[in-house]
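Coordinates in review
Residues per chain, in single letters:
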Amino acid sequence: MASLVIAEHDNAALKDATAKTVAAAVQLGAPIHLLVAGHQCAGVAEAASRLAGIEKVLLADSPALAKMVAEPMEQLIVGLAPAYDAILAPATTNGKNYMPRVAARLDVPQVSEIIAVESPDTFRRPIYAGNAIQTVQAPAGKKVITVRTTAFKPKDGTGSALVEKVDAPPDPGISTFVGEELSKSERPELTSARIIISGGRGLQSGENFHLLEKIADKLHAAVGASRAAVDAGFVPNDYQVGQTGKVVAPDLYIAVGISGAIQHLAGMKDSKVIVAINKDEDSPIFQIADYGLVADLFKAIPEMEQELTRLGY
Amino acid sequence: MKVLVPVKRVIDFNVKVRVKADQTGVDLANVKMSMNPFDEIAVEEALRLREKGKATEVIVVSIGPQAAQETIRTALAMGADRGILVKADADVEPLAVAKILKGVCEAEQPGLVILGKQAIDDDSNQTGQMLAALLGWPQGTFAHKIEPGDGVVRVEREIDGGLQTVELKLPAVVTTDLRLNEPRYASLPNIMKAKKKPIAEKTPADYGVDATPRLKVLKVSEPPKRVAGVKVKTAAELIDKLKNEAGVI
């Protein structure tokens, strides 16, 4: 039987997390169907059909699904479940929200945030904020899995899957979407950026994040923050990188004025190259940094900006 | 309206966990245990609802070994009214926890269940959602703000791109995120008072639940270690290394 992957999108664009979840599903060895659930999202289904490795795209279009509210998502996925051996979703706030409902309704344990597939029923996943890695075997029967997308690389190439419409079941009517406040930014999203520059308590204020933004603009980087900077009210919580925020693994992670609490390291230690800029040379962040600069950030960051300008960035 | 708050006993937030040499798990011997921090936030929120007159009683439930009674006492010392300990010596998976909690909900009929979005030991982030699904209730996960209204509750949620607000028909399940509130400390008189508050003891079987784990943990290992790299002296040297040595900019 096939695997079903739930697509991450905002009705306008397909998110990277989808292709990465497909990459995990490929390792289960079964044909893959991709479910695009949303409202007025035919364009997303079209984009999804061109992903490599997909056999079929299922499109469920209904106003109740527009914001991927958990209760109608559960109804839809549980209805499709009999045809599948495995159901996978990215461990985004959407996936984390609806998937355990699906698992409970199917009466199977969920395997959360896998970082590797060892065999079609055995997976690795971080526990204790990434301080230990658990290898876990799911019982026979359906697998319900969420995928830590930073651990998987999208498959190269393109495909041409058929798009098939599926009916959305009636909205259970127990929950309604009221509104949302999304952070507006011209910069890439934290979870898909190739370069991230993050600030900690060392930045001293929210205004000082402008220093990081100047570098971010030159490098097309996303801007993040430590929990300490969020707790201090410098920046909103969706900036937060760490165990309790977003888990990221960019090619380059620049930590500025961040001491390196375990909870922050848990969110970024799988980055390819880590840079630490901090005036305290005993900060734990230096123990995991590939390049460390012991300096006052208020001097070092403008110097970096000048150097980048000089080099034509 | 009764509010039910499930709490879990976990390794303290500040303890550096160590993987056992035989790779069967992490070392729990002589390690400080505490209430899961997200559950502490849940207890605090329930107490605030009671203080605002929105809740009549705060009931705390924990599923775990006899020692989980201490975790319940902590919540009682914060101000919760009474406790239920569902005794289980082995690890209980989120699905079984959700099934037990469903039984507790059927017996206690709470209007709202508030619990942590995840436990900081197994990091599953499943229990609240599973409980809501088993009961056929709506859920507001990763709550940033909770506003009970007439027969409904509005929950502002932390989502990847910012904040989202949903309205849920009561009864409902809410899971807490970090910024919901700052939990209070228990005062000494309240700690003394908590010793007299009742804790009922139950077993999973009382709720007709088989708590045997269904996932098989084959091993628990150390994550790959990163080693410290080099120190650079200037910002210009740093940019040069990133461009010409690492090739990432």
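To start, this report covers the structure provided alongside it. As the structure is a computational prediction, the values presented were derived from the model and not from experiment.

**A look at the overall build of chain A**
Each helix and strand counted, chain A has eight helices and 16 strands in total. Expressed along its principal axes, the backbone C-alpha trace of chain A runs to roughly 60 × 40 × 40 Å. Across the 313 residues that make up chain A, the buried fraction comes to 59%.

**Examining the overall build of chain B**
Helices and strands together make up the secondary structure of chain B, namely six helices and 13 strands. Viewed in the frame of its principal axes, chain B has a C-alpha envelope of about 65 × 45 × 40 Å. Of all 249 residues assigned to chain B, the portion counted as buried reaches 51%. Counting contacts in chain B only where the partners sit at least 6 residues apart, residues at least 24 apart contribute 70% of the total.

**Points about the sheet that holds strand S11 (residues 175-182) of chain A**
The sheet built from ten strands is open, its strands ordered S11(A)-S9(B)-S8(B)-S7(B)-S10(B)-S6(B)-S1(B)-S4(B)-S5(B)-S11(B) with mixed pairing. A strand with exactly one partner marks an edge of an open sheet, and here the two such strands are S11 of chain A together with strand S11 (199-202) of chain B. Across this sheet, the average inter-strand angle for adjacent strands is 30°, counted without regard to direction. Where S11 of chain A meets strand S9 (residues 162-169) of chain B, seven bridges bridge the pair, whose relative direction is antiparallel. Opposite Glu181 of chain A, over in S9 of chain B, you have Leu163 of chain B as the bridge partner. Of the strands in this sheet, strand S1 (2-7), strand S4 (57-64), strand S5 (82-87) and S11 of chain B touch helix H2 (residues 68-78) of chain B, which is tilted by about 165° from S4 of chain B.

**Description of the pairing of strand S8 (residues 152-159) of chain B**
Residues and elements named next belong to chain B. Across the eight residues of S8, six count as buried, placing the element largely inside the fold. The sheet contact formed by strand S7 (residues 139-148) and S8 spans five bridges and is antiparallel. Residue pairing for S8: Lys145 is matched across the bridge by Glu156. Connecting the antiparallel pair S7 and S8 is a turn made up of three residues, with Gly151 showing a positive phi of about 75°. Examined bridge by bridge, S8 and S9 share eight bridges and lie antiparallel to one another. The residue bridging Val153 from the neighbouring strand is Leu168, located in S9. Between S8 and S9, which pair antiparallel in sequence order, lie two residues.

**Describing the interface of chain B and chain A**
Listed per partner, the contact involves 62 residues of chain B and 69 residues of chain A. Elements with a contribution of two residues or more to the side of chain B that touches chain A: helix H3 (94-108), helix H4 (127-135), S7, S8, S9, strand S12 (216-221), strand S13 (230-232) and helix H6 (235-245) of chain B. If one sorts the elements of the side of chain B that touches chain A by residue count, S9 of chain B sits on top with eight residues. Two strands pair when backbone bridges link them, and strand S16 (residues 291-294) of chain A and S13 of chain B are joined in this way by three bridges, in the parallel orientation. Directly across from Tyr291 of chain A, in S13 of chain B, lies its bridge partner Val230 of chain B.

**Considering the nonpolar core**
Among the nonpolar cores identified, the biggest contains 124 residues, and Leu34 and Val36 of chain A together with Val5 and Val60 of chain B are the most heavily contacted of them. It is H3 of chain B that provides the largest number of residues to this core, a total of eight residues. Not counting chain neighbours up to four residues away, the residues in contact with Leu34 of chain A comprise Val5, Ala7, Val22, Ala48, Ile54, Val57 and Leu58 of chain A.

**Comments concerning the pairing of strand S15 (residues 273-278) of chain A**
A regular strand places its side chains on the two faces of the sheet in alternate fashion. Residue and element names in this part refer to chain A. Taking burial as the measure, the six residues of S15 include six buried ones, the bulk of the element. Because side chains alternate across S15, one face comprises the buried residues Val273, Val275 and Ile277, and the other comprises Ile274, Ala276 and Asn278, equally buried. Bridge analysis of strand S14 (residues 252-256) against S15 gives five bridges, and the strand direction is parallel. Residue Val256 lies in a different strand from S15, and its bridge partner there is Ile277. Each parallel crossover has a hand, and for S14 linked through helix H7 (residues 262-268) to S15 it is right-handed. As judged from the four bridges shared by S15 and S16, these two strands associate in the parallel manner. Bridge assignment links Asn278 to a residue of S16, and that residue is Val294.

**Quick notes on the sheet that holds strand S8 (residues 132-137) of chain A**
Here we have four strands laid out as an open sheet, ordered S6(A)-S7(A)-S8(A)-S12(B), and antiparallel in their pairing. Edge positions in the sheet fall to strand S6 (116-119) of chain A together with S12 of chain B, since each has one partner strand and no second. On average, each strand axis in the sheet is tilted by 30° relative to the strand beside it, whichever way the strands run.

**Overview of the packing of helix H3 (residues 70-80) of chain A against helix H4 (residues 93-106) of chain A**
Residue and element names in this part refer to chain A. In contact at an axis separation of 9 Å, H3 and H4 are set at 45° when each is read in the N-to-C sense. Accordingly, the angle class assigned to the pair H3 and H4 is oblique. In terms of crossing hand, the pair formed by H3 and H4 is right-handed. Judged by residue contacts, Ala70, Met73, Glu74, Ile77 and Val78 of H3 engage Asn97, Tyr98, Arg101, Val102, Arg105 and Leu106 from H4. Residue classes in the contact of H3 with H4 are distributed as seven nonpolar, one polar and three charged.

**Some remarks on H3 of chain B**
Taking 1.5 Å of rise per residue, 15 residues should cover 21 Å, and H3 of chain B covers 20 Å from first to last C-alpha, within 8% of that figure. With eleven of 15 residues buried, H3 of chain B lies mostly within the body of the structure. Turning to H3 of chain B, its buried residues number three or more, namely Pro94, Leu95, Ala96, Val97, Ala98, Lys99, Ile100, Leu101, Lys102, Val104 and Cys105 of chain B. For H3 of chain B, the secondary structure elements touched by its buried residues are H4 of chain A together with S1, S4, S5, strand S6 (112-116) and H4 of chain B. Of the residues flanking the end of H3 of chain B, it is Gln109 of chain B, one or two places downstream, whose phi is positive at about 55°.

Conventions used here
- Every residue gets a number counted from 1 within its own chain, in the order that chain's sequence is written.
- Going through the entries in the order they are written, you letter the chains from A and number the ligands from 1.
- The model is predicted, so local features are restricted to residues of pLDDT at least 70 and side-chain atom pairs to those at 80 or more, both for listing and for counting; the totals for chains, interfaces and linings are taken over all residues.
- Labels follow the DSSP assignment, with helices taken as runs of H or I lasting at least four residues and strands as runs of E lasting at least two, numbered in each case from the N terminus.
- Counting other C-beta atoms within 10 Å of a residue's own tells you its class, since 20 or more makes it buried, 12 or fewer makes it exposed, and anything in between is partly exposed; those C-beta atoms are placed from the backbone.
- For the purpose of contact definition, each residue receives a C-beta atom placed from its backbone, and two residues are in contact when these atoms lie within 7 Å.
- DSSP calls a pair of strands paired once it identifies at least 2 bridges connecting them.
- In this description, a line fitted to the C-alpha atoms serves as the axis of each element, helices being fitted only across the stretch in contact, and the angle between N-to-C directions of two axes falls anywhere from 0 to 180 degrees.
- The nonpolar core is taken to be a set of buried Ala, Val, Leu, Ile, Met, Phe, Trp, Tyr and Cys residues joined by way of C-beta atoms within 7 Å.
- Whether a crossover is right-handed depends on one test, that the path from the first strand over the helix to the second runs clockwise when the strands point away from the viewer.
- Roughly parallel covers angles under 35 degrees, roughly antiparallel covers those over 145, roughly perpendicular covers 65 to 115, and oblique covers all other angles.
- Crossing handedness follows the turn of the near helix against the far one: under a right angle anticlockwise gives a left-handed crossing, and clockwise gives a right-handed one.
- Each residue gets one of three labels, nonpolar for Ala, Val, Leu, Ile, Met, Phe, Trp, Tyr, Cys and Pro, charged for Asp, Glu, Lys and Arg, and polar for the others, Gly among them.
- Between the first and last residue of a helix there are one fewer steps than residues, each counted as 1.5 Å, and that sum is the expected span.

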